[in-house]
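Now for the letters of each chain:
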Amino acid sequence: MSLHLASAPQEGDGRPRSGPQRHVPFSEHLGLRLEHAEGGESRVSVVLRPELLNNHASGHGGVLMTLLDSAMAHAALSRVGYAREVVTVDMHIAFMRPAGGLLQAQGRATGGGRSVCFCEATVTDASGEVAARAMGTFRYRDPA
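Along each chain, residues carry numbers from 1 onward, in the same order as the chain's sequence is written. A pLDDT threshold of at least 70 governs which residues receive local features in this predicted model, and a stricter bar of 80 or more applies before side-chain atom pairs are shown or counted, although totals over entire chains, interfaces and linings include all residues. Calculated side-chain values reflect all of the structure's heavy atoms, with hydrogen atoms and water omitted.

**Some remarks on the side chain of S45**
So, step 1. Here a helix means four or more residues in a row that DSSP labels H or I, a strand means two or more in a row labelled E, and each is numbered from the N terminus. Note that S45 resides in strand β2 (residues 41–47).
So, step 2. Remark: exposure states derive from per-residue accessible area (1.4 Å probe, protein chains only) relative to the maximum for the residue type, with buried under 20%, exposed over 50%, and partly exposed in between. Owing to a relative accessible area of 4%, S45 belongs among the buried residues under this scheme.
So, step 3. One polar contact links S45 to E35, side chain to side chain, over a distance of 2.6 Å. Here a polar contact means two N or O atoms within 3.5 Å. Within protein one must be a hydrogen donor candidate and the other an acceptor candidate, and residues neighboring in sequence count only if both atoms are side-chain atoms.

**Observations regarding the state of the cysteines**
So, step 1. Any two cysteine sulfur atoms within 2.5 Å of one another count as a disulfide. Taken as a whole and assessed by the stated rule, the structure comprises 0 disulfides.
So, step 2. This cysteine, C117, is not joined by any disulfide, and C119 carries the nearest cysteine sulfur, 3.8 Å off.

**With respect to the confidence of the model for the protein**
So, step 1. pLDDT measures the predictor's confidence residue by residue and takes values from 0 up to 100. Looking at the protein, pLDDT values average 90 and 90% of them are 70 or higher.
So, step 2. Counted against residues more than four places away or in other chains, residues 1–9, with its pLDDT under 50, gives 12 contacts. Any two residues whose heavy atoms approach within 4.5 Å at even a single point are treated as in contact.

**A closer look at the sheet that holds strand β4 (residues 102–112)**
So, step 1. Spatial strand order, β1-β2-β4-β5-β6-β3: 6 strands in an open sheet with antiparallel pairing. Both outer strands of the open sheet, β1 (33–38) and β3 (85–95), are each paired with one neighbouring strand and no more. Geometrically, the sheet is characterised by an average inter-axis angle of 20° between neighbouring strands, direction not taken into account.
So, step 2. Pairing between strands requires that DSSP locate at least two bridges from one strand to the other. Where strand β5 (residues 116–124) and strand β6 (residues 130–141) come together, 9 bridges link them in antiparallel fashion. Paired with T124 across the two strands is V130, which belongs to β6. Whenever a helix is involved, its axis is fitted only over the stretch in contact; in every case the axis is a line through C-alpha atoms, and angles between N-to-C directions fall within 0 to 180 degrees.

**Things to note about the pattern of salt bridges**
Side chains bearing opposite charge may pair, as long as their charged atoms lie close to each other.
So, step 1. In what follows, salt bridge is the name for a side-chain nitrogen of Lys or Arg lying within 4 Å of a carboxyl oxygen of Asp or Glu. According to the stated counting rule, one finds 6 salt bridges in the structure shown.
So, step 2. Between R84 and D142 there is a salt bridge; the shortest N-O distance is 3.6 Å. Taken together, the positions of R84 in the loop between α2 (61–79) and β3 and D142 in the segment after β6 put the pair 58 residues apart, joining distant regions of the chain.
So, step 3. For R108, the salt bridge goes to E120, with nearest N and O atoms at 2.5 Å. In this pair, R108 sits in strand β4 while E120 sits in strand β5, placing the two residues 12 residues apart along the sequence.
So, step 4. Exposure remark for R108: the relative accessible area of 38% places this residue in the partly exposed category.
So, step 5. Here E120 falls in the partly exposed class, since its relative accessible area comes to 31%.
So, step 6. What emerges from the salt-bridge pattern is a single network uniting R33, E35 and R43.

**Thoughts on unusual backbone geometry**
So, step 1. Within the chain, A57 stands out as a residue other than glycine whose phi angle is a positive 65°.
So, step 2. Structurally, the position occupied by A57 is in the loop between β2 and α2.
So, step 3. You will see that Y82, though not glycine, has its phi angle at about 60°, which is positive.
So, step 4. By the element assignment, Y82 lies in the loop between α2 and β3.
So, step 5. Taking relative accessible area as the criterion, Y82 reaches 12% and is therefore assigned buried.

**Some details on the pairing of β4**
So, step 1. Bridge analysis of β2 against β4 gives 7 bridges, and the strand direction is antiparallel. The residue of β4 that forms the bridge with S42 is G107.
So, step 2. As paired elements, β4 and β5 share 8 bridges and run antiparallel to each other. Each residue of the ladder has a partner; that of G111, found in β5, is F118.
So, step 3. Remark: 3 residues form the turn of the hairpin made by β4 and β5, two consecutive strands paired antiparallel.

Dropping the structure here:
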């Protein structure tokens, strides 16, 4: 028996499974938007809706972590022209202040080689204040 999520890309559904505009159901659910990805740098944004907030009425830490992870993954992928895939090996996150409204994550590949890529990312809010920072390691793999 095969289990498929209703929104997961199915064969022939027309949604890209790779490349910069790849369909990632969880990212779509959160409303993440890829704004830029080229040459080892990226920018991903999200507008915080009420269901993405924590009990303090600011962006939930899990949403910020996902935003940072996505920005770093796109930075790593753009470094190799989306010719390969990546999986997150580890992430280290520092939350600096509560976040609200439109959030933007700037990602940057900082090093690595053929098998791994080291990245960093920063989330800023609409006022330009830094809300969170992350560093991560991503393993390259061949497309499935």
